[in-house]
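This is what each chain is made of:
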Amino acid sequence: MSRNRNSKNREMPDLFPDSAALENGALALGGVPAGELAERFGTPLVVYCEATLRSQARALRTSVGADGRVYYGAKAFPNVAVLRLLHEEGVGADVAAPGELAYARAAGLSGAELVVHGNNKSPELLHAAAEAGAPVVLDAADEAELAAAAGVRQALIRVTLGVDADTHEAVVTGHHGSKFGLPPAQAQPALADALSRGLDVLGLHVHVGSQLPDFDAQAETISRLAAFAAFCLETVGWTARVADLGGGFGIAHHPEEEVPEAASLAAAAATSARASFAGEGLQEPTIWLEPGRSLVGRAGVTLYRVGAVKRLPERTWVTVDGGMSDNPRPQLYDARYWAVSALRADEEPDEDVSVAGMHCESGDVLIDDVSLPAPRRGDLLALPATGAYTLAMSSNYNGVPRPAAVLVGDAQARLIRRRETVEDLLALESP
C-alpha cells in the first residue's frame, strides 16, 4: 500500500513517516527537504518525524483503555528528546540498564511512569530504581532479596510460559529455556518470597518476542498467564492487579512485508487479557504494554550519501557512508530494508543494485536488492523504517563516529543527538 503525498509526483510507500512527501521531485520529511537536512547536519543522519511519534503514541494509548499504561521500550532508541515527547503523550518508559534509566530521568520521568527490567540487574540499577520510586520486574529467583535490600517498594514477576513466537530466533523470549524470566515452577516461589519481604507485587509480566507477525503466540501466552495468576491466588492468596503484556509489535521494513498494525494487536492483547482473567474468575487487571519498535521504527528515516558505485558483471554495488556500525540489523536478524534516491525520487528506477556499507566486512550489506534510478556518486539514499534498533545498537567499528539524529516537524529540524567525532573516541583512551 502507498499514499499519494503529492498528486504531481510518485506515491510514497507506507514505510515512510506520516510527514514524508515528494516536493519538486525530492523527498521531504516534516516539511524539510532531505537534501537540506543532509547539507545542514551531515550524513549518515537519522531523521525522526514528530507527527509519526505522536500519532503512534496516541494510537497505542487508546488501545489499552483509559486505565491502561503504555511504557516506551527505551532500548529501541534511548534519547532524552524522544522520551520527553512521548511523555507529553502520556507514555512512560521501560528501561533495562542504569543508562536507560538516566535518559528517562533526564526526560522528567519518575515513579509510576517507569518500569525497570533486566535479566541481571546490578545493585546500581536497583538502587536507582528505588530512588526513582519505580516498580521493578523481578527476573531471577533471588532478586526479591536484592530489590528489597536496595529499597525497592513495588515489583512485578516476569514469568516465562513456554510459548514460541513465529519470529527470528534471536528475538524469541517467551520459550522454555529463555534467559529471561522464570518458569511457573520458579515464578510462584519467587512471588511468595517477594511478598514475605514486604514488596508490593503489582502483577505479572510476560513478553513473547519481538517483531511479532500475528496475535497467535500472544493469545496463547495471555491464556497461560491468566491460568498462572489463578494458580497464584489459590496457592499464595495473592491477586494480580496488573497484567504487563510486554511489547514486540512489529513494523514493515520492506514493501513486500505485511505486518499487522501495532494498535490493533495491542487492543486485541488488552481485550484478550481482560477476558482470560475473567474466565479464570479473577478481577480485571490493569493492562500495561511496553512497545518500542512500533513507537519509533516507522518514525525514523536514515539518510546516506552515495560514494563508490561499482558495476560488476555479477551485480552493481552502491556504497554509502555508513553501514553496519549504524545499522547492524541486516547482519544480526537478516532484516530487509528498502531505499529511495532522495534527490531523484520522481525518476523511474531503472537499475537493480545492492547497497553496501563502508566497513571492512564482506557482510556489511544494508540492502541486497533494490531498484533505483541509475546511482551515481553524491546521490542521497533514504532508508525508511530505521528508527528502532539502529542507533541504539550502533558501534564504532573501524573507528567510525556514530551518526547524528534530528527531529522534524512543521518545516523545522532540531538536533536531538549530535554526531560523534574522532576526538570523542580519542578522549576515551588512556594517556
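Predicted model, so just to flag it, every value in this text is computed and none were measured. (Residues numbered from 1 in each chain as written. Predicted model: local features only at pLDDT ≥ 70, side-chain atom pairs only at ≥ 80, totals over all residues. Heavy atoms only, no water.)

## Digging into the overall build of the protein
Of the regular secondary structure elements, the protein holds 12 helices and 22 strands. For 431 residues, the compact-globule estimate of 2.2 N^0.38 gives 22 Å, and the protein sits close to it at 23 Å. Its C-alpha atoms give the protein principal-axis dimensions of about 70 × 55 × 40 Å. Each of the 431 residues in the protein was classed as buried or not, and the buried ones make up 55%. Sequence-distant contacts in the protein: of pairs separated by 6 or more residues, those separated by 24 or more amount to 68%. Put simply, the protein shows about 17,500 Å² of open surface, and 48% of that area lies on carbon and sulfur atoms. Seen as two clouds, the 36 positive and the 56 negative side-chain charges of the protein have centres 5 Å apart. (Helix = DSSP H or I, 4+ residues; strand = E, 2+ residues; numbered from the N terminus. Rg over C-alpha atoms; globule rule 2.2 N^0.38 Å. Buried < 20%, exposed > 50% of the residue type's maximum accessible area, 1.4 Å probe, protein only. Contact = heavy atoms within 4.5 Å. Areas by Shrake-Rupley, 256 points an atom, 1.4 Å probe, with all protein chains shown as cover. Lys, Arg positive; Asp, Glu negative; His and termini not counted. Charge placed at Lys NZ, Arg CZ, Asp CG, Glu CD.)

## Focus: the packing of aromatic side chains
By the definition in use, this model includes 3 aromatic pairs. Summarising the aromatic geometry, the rings of Tyr-48 and Phe-77 are spaced 4.7 Å apart at their centres and angled 5° between planes, so their arrangement reads as stacked. Of this pair, Tyr-48 sits in strand E6 (residues 45–49) while Phe-77 sits in the loop between strand E7 (69–73) and helix H3 (80–88), placing them 29 residues apart in sequence. The same class applies to Tyr-48 and to Phe-77, which are both buried. On the basis of an interplanar angle of 35° and a centroid distance of 6.3 Å, the ring pair of Phe-228 and Phe-231 is categorised as tilted. Residue Phe-228 and its partner Phe-231 are both found in helix H8 (residues 216–236); the two are separated by 3 residues, about one turn of the helix. (Phe/Tyr/Trp six-rings, centres within 6.5 Å; stacked < 30°, edge-to-face > 60°.)

## Observations concerning the confidence of the model for the protein
Across the protein, the average pLDDT comes to 93, with 93% of residues at or above 70. With pLDDT under 50 throughout, residues 3–9 is counted as low confidence; its partners more than four residues away or in other chains account for 24 contacts. Every residue in residues 165–174 scores below 50 in pLDDT, and together they form 31 contacts with partners more than four places removed in sequence or on other chains. (pLDDT = per-residue confidence, 0-100.)

## A closer look at helix H9 (residues 262–279)
Taking 1.5 Å per residue, 18 residues should reach 26 Å; H9 reaches 25 Å between its end C-alpha atoms and fits that length. Among the residues making up H9, those that are buried are Ala-262, Leu-265, Ala-266, Ala-269, Ala-270, Ser-272, Ala-273, Arg-274, Ser-276 and Phe-277. Looking at the buried residues of H9, the elements they touch are helix H2 (50–63), H8, strand E13 (242–244), strand E14 (286–289) and helix H10 (293–296). Directly beyond the C-terminal end of H9, a positive phi value near 75° is found at Gly-281. (Expected span 1.5 Å × (residues − 1).)

## Re unusual backbone geometry
For the peptide bond that leads from Thr-43 to Pro-44, omega is -10°, which places it in the cis range. With respect to the helices and strands, the residue Pro-44 is situated in the loop between helix H1 (34–41) and E6. Backbone geometry places Ala-385, a non-glycine residue, at a positive phi of 60°. Its relative accessible area of 1% is what places Ala-385 among the buried residues. Even without being a glycine, Asn-398 presents a positive backbone phi close to 65°. Inspection of the secondary structure puts Asn-398 in the loop between strand E20 (380–384) and strand E21 (404–409).

## What to know about the nonpolar core
Counting residues in hydrophobic clusters, the biggest one holds 81 residues, and the most contacted among them are Tyr-48, Tyr-72, Leu-138, Leu-225, Leu-245 and Val-296. Setting aside residues no more than four positions away along its own chain, Val-296 makes contact with Tyr-48, Leu-53, Tyr-72, Ala-76, Val-82, Gly-387 and Ala-388. Of all hydrophobic cores here, the second largest spans 41 residues; its members include Val-355, Leu-381, Val-406 and Ala-413. (Core = buried A, V, L, I, M, F, W, Y, C linked by side-chain atoms within 4.5 Å.)

## Concerning the side chain of Thr-386
Mapped onto the fold, Thr-386 is located in the loop between E20 and E21. Here the side chain of Thr-386 touches Thr-302 through a polar contact of 2.7 Å, side chain to side chain. In contact with Thr-386, not counting residues within four places along its chain, are Val-46, Gly-297, Gly-300, Val-301, Thr-302, Asn-327 and Tyr-337. (Polar contact = N/O pair within 3.5 Å; in protein donor to acceptor, adjacent residues only side chain to side chain.)

## Focus on the pairing of strand E12 (residues 200–205)
With respect to burial, E12 is a largely interior element, 5 of its 6 residues being buried. Pairing of E12 with E13, which is carried by 3 bridges, proceeds in the parallel orientation. Its bridge partner lying in E13, Gly-203 is registered against Val-242. (Pairing = 2+ DSSP bridges.)

## Digging into the sheet that holds strand E4 (residues 26–29)
Here we have 3 strands laid out as an open sheet, ordered E3-E4-E5, and antiparallel in their pairing. One side of each edge strand has no neighbouring strand; the edge strands of this open sheet are strand E3 (21–23) and strand E5 (32–33).

## A word on the pattern of salt bridges
A complete count under the given rule lists 19 salt bridges for this structure. Put simply, Glu-351 and Arg-311 hold a salt bridge, and the shortest N to O gap is 2.9 Å. Of this pair, Glu-351 sits in strand E18 (residues 351–356) while Arg-311 sits in strand E15 (residues 300–311); the two residues are 40 residues apart in sequence, bridging distant segments of the chain. Between Arg-344 and Glu-347 there is a salt bridge, with the nearest N and O atoms lying 3.1 Å from each other. Members of the salt-bridge network, linked through shared partners, are Glu-50, Arg-54, Arg-58, Glu-88 and Glu-89. (Salt bridge = Lys/Arg side-chain N within 4 Å of Asp/Glu carboxyl O.)

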